[in-house]
Amino acid sequence: MESEFADINLSAVAGAIADPARARMLCQLLDGRARTATELAVAADIGASTASSHFQRLREQGLVDMAVQGKHRYFRLANSEVAHALEALLVVAGAERAPFKPNTPSALREARTCYDHMAGTLAVRIHDAMLARQWLVADGRDYVLTPLGEASLAQVGVDVAQARQRRRRFACSCLDWSERRSHLGGALGAALLDALEQRGWISKDLDSRALSVTRKGTQQFPAFFGKADASAAGGWQEGKHAAA
C-alpha cells in the first residue's frame, strides 16, 4: 500500500520544502546543529507567528524534530536521510552553503559545566567519540551504555553503578547552547565530569563555570577518546577554557 501512495507522499514532502521560507530554514539546519525558533524565523525573514505554522508543516512531513530546553524550542533536521535529500537538491540548484559561525565568543565555547556535567566543544567531542567507539548507543534522546563503554569508563574512574542508583535519567542527550550539537547529560555525564576532575585532566574555575584542560589532560584525552579533528577549534589543547 505504501508504494501506491509514494507519489502522493513525495508531493507532500516536496510541497513542504518548496516554500522559500521553509527552504531557508531547512538550509540553516544542514550543518547538523540545532537552531531556535527565533533564529530560524530571522533567517527566513518572517514573523514568529508565521514561522510557527511553517514549523508545524515541516514536523508533519518528518523533515525536522523539535527539542525543548528551558524556555527555548530548538529545531534540527529529523535524520541524515533528510540532510542527504536537501544536499542533493542544493547540487541541482547550484547553490553553495555557508559554514556555521557561532556568535558566541570563542573563549566561551571551549569547555564549561552545564549544571553538573560538561558542555562546550570539549564535551561535544567526547560525546561524539563515545558514540563512534560504541560505548554509547542512542535510544531516542537517552543512551544505553554498552559493556565496552562501561569497562572503558571504569579505566578513568567513572563509578557507573553509583550513577545508575541516582534518581534521575542515567544518560541522555543535552543540546549544547554554543555548539548547537549534543553533549552527554544525566547521571553518567555528571559522573564522567567528576572522574576527569579527580584524574586531573580538567580543572574548574573557582569563580565561574569555566573548565580548563590541564597538561595531563592534553596528553591523555587523545589517547583515551581519540585524536581531535584538526579542523575543530581548540583540539585537546592545554588551558583552553570557557567562562559562563
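Note that the structure is a prediction, hence the values are computed from the model and not measured.

Here we come to the pairing of strand β6 (residues 136–139). Here β6 runs beside strand β7 (residues 142–145); their pairing, made up of four bridges, is antiparallel. Each bridged residue has a counterpart across the sheet, and for Ala 138 the counterpart in β7 is Tyr 143.

Membership of the largest hydrophobic core comes to 33 residues, with the highest contact counts inside it found for Met 118 and Leu 188. When residues of this core are traced back to their parent elements, those giving at least two are α6 (121–132), β7, α8 (160–165), α9 (186–199), β11 (211–213) and α10 (215–225). Of the residues forming this core, the biggest block, seven residues, is contributed by α9. Excluding residues that lie within four positions of it along the chain, Met 118 makes contacts with Arg 112, Ala 123, Ile 126, His 183, Leu 184, Leu 192, Leu 193, Leu 196, Ile 202 and Leu 211. Counting residues in hydrophobic clusters, the runner-up holds 22 residues, among them Leu 29, Ala 44, Ala 51 and Leu 58.

We now examine the packing of helix α2 (residues 20–28) against helix α3 (residues 37–44). If you want to describe how two helices pack, look at the angle between their axes and the distance between the axes. In contact at an axis separation of 8 Å, α2 and α3 are set at 125° when each is read in the N-to-C sense. With respect to each other, α2 and α3 are oriented oblique. The hand of the α2/α3 crossing is right-handed. Touching Ala 21, Arg 24, Met 25 and Gln 28 of α2 are Leu 40, Ala 43 and Ala 44, all from α3. Its residues assigned to classes, the contact of α2 with α3 shows five nonpolar, one polar and one charged.

Here we come to the environment of Val 144. The residue Val 144 is located in strand β7 in this model. Owing to a relative accessible area of 43%, Val 144 belongs among the partly exposed residues under this scheme. Among all residues touching Val 144, those that are not within four sequence positions of it are Trp 135, Leu 136, Val 137 and Asp 139.

To continue, consider the confidence of the model for the protein chain. Detailed reading of predicted coordinates is not advised where the pLDDT is low. Chain-level pLDDT for the protein chain is 85 on average; 84% of the residues reach the 70-or-more range. Ranking the helices and strands of the protein chain by mean pLDDT puts helix α7 (residues 147–154) first, with 97, and helix α5 (residues 80–93) last, with 81. Between residues 228–234, whose pLDDT stays under 50, and residues either more than four places distant or in other chains, the model counts nine contacts.

Our focus in this paragraph is the pattern of salt bridges. Tallied over the full model, the rule gives eight salt bridges. Put simply, Arg 33 and Glu 179 hold a salt bridge, and the shortest N to O gap is 3.9 Å. Taken together, the residues span a long stretch of sequence, with Arg 33 in the loop between α2 and β1 (35–36) and Glu 179 in the loop between β8 (172–175) and β9 (182–185) at a distance of 146 residues. Looking at Arg 33, the relative accessible area reads 17%, which means it is buried. Between Arg 169 and Asp 142 there is a salt bridge, and its shortest N-O distance comes to 2.5 Å. Taken together, the residues span a long stretch of sequence, with Arg 169 in the loop between α8 and β8 and Asp 142 in strand β7 at a distance of 27 residues. Assessed through its relative accessible area of 42%, Arg 169 is described here as partly exposed. By relative accessible area, Asp 142 is classed as partly exposed at 30%.

Analysis parameters
Residues numbered from 1 in each chain as written. Predicted model: local features only at pLDDT ≥ 70, side-chain atom pairs only at ≥ 80, totals over all residues. Heavy atoms only, no water. Pairing = 2+ DSSP bridges. Helix = DSSP H or I, 4+ residues; strand = E, 2+ residues; numbered from the N terminus. Core = buried A, V, L, I, M, F, W, Y, C linked by side-chain atoms within 4.5 Å. Buried < 20%, exposed > 50% of the residue type's maximum accessible area, 1.4 Å probe, protein only. Contact = heavy atoms within 4.5 Å. Axes fitted to C-alpha atoms, helices over the stretch in contact; angles between N-to-C directions. Parallel < 35°, antiparallel > 145°, perpendicular 65-115°, else oblique. Left-handed = near helix turned anticlockwise from the far one by under 90°. Nonpolar A, V, L, I, M, F, W, Y, C, P; charged D, E, K, R; others polar. pLDDT = per-residue confidence, 0-100. Salt bridge = Lys/Arg side-chain N within 4 Å of Asp/Glu carboxyl O.

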